[in-house]
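Here is how the chains run, residue by residue.
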Amino acid sequence: MKTDLLNLGAALLALTIAIVGGAPQAMESAPTARVQSNALAPERQPDGTLALRDARGTRVPLRAYTRIASGSLLSDRVLLELSEPDRVVAFTRYAANTPLGYRYAGKPAIGARDDLEHVLALRPELLIVSDLVDPNYVARLRERGVQVFDLGPMRGVTTMLHGIRAIGWLLGAPERAERYALTLQERMTSLAPGAKGPRTLYLARYADKLFAAAAETSYHDVIEYAGLTDAAGGLVGWPELTAEGVLALDPDLLLTRTGMSGSLCRHPGLGLIRPCQPGGRIIELDGALLDDPSPTMLEAAEALRRAYVGAN
């Protein structure tokens, strides 16, 4: 399995993964997630059973799975919220490091580099993963009788809601999942309706490299739903920026991980941007909160909104 079988990659894999897709235009109010429930309609198979296509087009049978393993942060959180606890045989190792880590206690964990036999020892009937899983690994699991459902790329609220609905079908509880998805969407859009706050840039420094988060990422949606304006909204994915590139974006406000603001402002050239000058504004949030492309995006947007309002 690749490093983000478990879909935490936002902090580390975000440095090398560019998520493709078009950048949306700036919005006058909080964005509205574009999710089409009918895209998840199960298909009737020749034998009369139902199946749901995953992101790779594989038909995964819909049946009463009693042993489900999670291979992504999105399925971690959604299974925690929607599934009967005794149906979940494992969460990801990353789950314990999330803000709700205590709620995963007592369950086995699977990691990105666990060998096949470790996963098979849990006797899962179904493993839910993200698009970064190694296809060869998936093929080997399927050869051993495990159904694997690929949720696809995690690009923010749109894909999150889509994933929630897909997991609902896999659980045999689509109505429960629909209620949950709609509640999340309503709560996110009600955070800062009509607000168009300062141009905010998520920026992180690793060694001497600077990385932003732009459109088609969960970070972009967290910024926009919090009532701020993503300064990198015209870009896509996880662009590597030079100091000159940051200056050209001219953010009013920086968003970064806890403890990283000093390192950013010490980077050659970044002392010239307004957030790094006296009286400039930088908001730091817990990296585990920011990195999670699951419903934790709601908590991240709430935390960002509180931090912004509290500083004004």
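Here's what I pulled together on the structure shown here. On a predicted model such as this, the values are computed, not experimentally measured, just so you know.

Quick notes on the pairing of strand β5 (residues 88-92)
Then, number 1: Burial runs high along β5: five of the five residues are buried.
Then, number 2: Handedness of the crossover joining strand β4 (residues 68-71) and β5 through helix α1 (residues 73-82): right-handed.
Then, number 3: Bridging between β5 and strand β6 (residues 109-110) involves two bridges; their strand directions are parallel. Across the sheet, residue F91 finds its bridge partner in β6, namely A109.

Here we look at helix α6 (residues 218-225)
Then, number 1: The element α6 is largely enclosed, with a buried count of eight among its eight residues.
Then, number 2: G227 lies just past α6 and shows a positive phi near 90°.

Looking at the pairing of strand β13 (residues 253-257)
Then, number 1: For β13, a buried count of five out of five residues is recorded, marking the element as mostly surrounded by other parts of the structure.
Then, number 2: The parallel pair β13 and strand β14 (residues 281-285), bridged by helix α8 (residues 261-266), forms a crossover whose chirality is right-handed.

Digging into the nonpolar core
Then, number 1: Within the largest apolar cluster, 75 residues are counted, with the highest numbers of intra-cluster contacts made by M160, I164, L201, Y202, L203 and L304.
Then, number 2: The biggest single contributor to this core is helix α4 (residues 157-171), with eight residues.
Then, number 3: With residues up to four places along the chain from it excluded, the contact list for L304 reads V222, I223, A226, L228, L255, I283 and L285.
Then, number 4: Among the nonpolar cores identified, the runner-up in size contains 16 residues, and V89, L116, L127 and Y137 belong to it.

With respect to the packing of helix α5 (residues 174-189) against helix α10 (residues 296-310)
Then, number 1: As a packed pair, α5 and α10 sit with axes 10 Å apart at the nearest point and diverge in direction by 15°. What the angle tells us is that α5 and α10 run roughly parallel. Like other packed secondary-structure pairs, α5 and α10 cross with a definite hand, here left-handed. Here L184, R187 and M188 of α5 lie close against α10, whose contacting residues are M297, L298, A301 and E302.

Considering the pattern of salt bridges
Then, number 1: Under the definition given, this model contains 17 salt bridges.
Then, number 2: Put simply, R103 and E81 hold a salt bridge, and the shortest N to O gap is 3.3 Å. Of this pair, R103 sits in the loop between β5 and β6 while E81 sits in helix α1, and the two are 22 residues apart along the sequence.
Then, number 3: With relative accessibility at 35%, the residue R103 sits in the partly exposed group.
Then, number 4: The salt bridge involving R144 is made with E117; its shortest N-O contact spans 3.3 Å. Placement of the pair is R144 in the loop between α3 (135-143) and β8 (147-150) and E117 in helix α2 (residues 116-120), with a sequence separation of 27 residues.
Then, number 5: Where salt bridges share partners, they join R77, E81, R103 and E299 into one cluster.

What counts as what
Residues numbered from 1 in each chain as written. Predicted model: local features only at pLDDT ≥ 70, side-chain atom pairs only at ≥ 80, totals over all residues. Heavy atoms only, no water. Buried < 20%, exposed > 50% of the residue type's maximum accessible area, 1.4 Å probe, protein only. Helix = DSSP H or I, 4+ residues; strand = E, 2+ residues; numbered from the N terminus. Right-handed = clockwise from strand over helix to strand, strands pointing away. Pairing = 2+ DSSP bridges. Core = buried A, V, L, I, M, F, W, Y, C linked by side-chain atoms within 4.5 Å. Contact = heavy atoms within 4.5 Å. Axes fitted to C-alpha atoms, helices over the stretch in contact; angles between N-to-C directions. Parallel < 35°, antiparallel > 145°, perpendicular 65-115°, else oblique. Left-handed = near helix turned anticlockwise from the far one by under 90°. Salt bridge = Lys/Arg side-chain N within 4 Å of Asp/Glu carboxyl O.

These results come straight from atomic positions and should not be treated as a statement about function.
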